[in-house]
Structure formats: structure tokens, C-alpha cells
Amino acid sequence: MGTTGGGSGAVAGMNSDLVQSQADNAALLKVQIAMQHENQVFSSVSNVLKTRHDTVKNSIGNIR
């Protein structure tokens, strides 16, 4: 008796698992890229607002 009985079903199941794993990884990568982009936008806006605040603060200090 052979030990390969039902082997093709197991291979198909493993292939299906690999395909699902790749799809999950692709989805997680998309989320990671979106989060990185959002972080870059937030940092840029934060830097602009800080510079504007510092400029106004210094201007007020120069008037006094």
C-alpha cells in the first residue's frame, strides 16, 4: 500500500492556503503603504503649522 493516497487534495489545499496568504500579505502591504503616506502628510502639515506659529510668535515678540 502506498502512502500517497489523497496527496493531490493535500497539494491543492496547500496551494489554496498559499494563494490566500499572498492575498492577505498584499492587503496588509496596501494598508502599510497607506498608513505611511498618511503619516508623511501629517508630518508635513505639522511642520508647516509649527513654522507658522513660530513666525507669528517671533513677530509678536519683536513688536513688544
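Our structure's up above, just so we're on the same page.
Residues numbered from 1 in each chain as written. Predicted model: local features only at pLDDT ≥ 70, side-chain atom pairs only at ≥ 80, totals over all residues. Heavy atoms only, no water.

The grouping of Val 41, Val 45 and Leu 49 at the surface amounts to a nonpolar patch, some 240 Å² of accessible area in total. Locating Val 41 in the fold gives a position in helix 1 (residues 7-63). Residue classification places Val 41 among the partly exposed positions, given a relative accessible area of 40%. (Patch = residues over 30% accessible without salt bridge, like charges linked within 9 Å, V, L, I, M, F, W, Y side chains within 5 Å. Areas by Shrake-Rupley, 256 points an atom, 1.4 Å probe, with all protein chains shown as cover. Salt bridge = Lys/Arg side-chain N within 4 Å of Asp/Glu carboxyl O. Helix = DSSP H or I, 4+ residues; strand = E, 2+ residues; numbered from the N terminus. Buried < 20%, exposed > 50% of the residue type's maximum accessible area, 1.4 Å probe, protein only.)

So, on to the pattern of salt bridges. Inspection of the entire model under this criterion finds 1 salt bridge. With its nearest N and O atoms 2.8 Å apart, the salt bridge here joins Lys 50 to Asp 54. Taken together, the positions of Lys 50 and Asp 54, both in helix 1 and 4 residues apart, correspond to about one turn of that helix.

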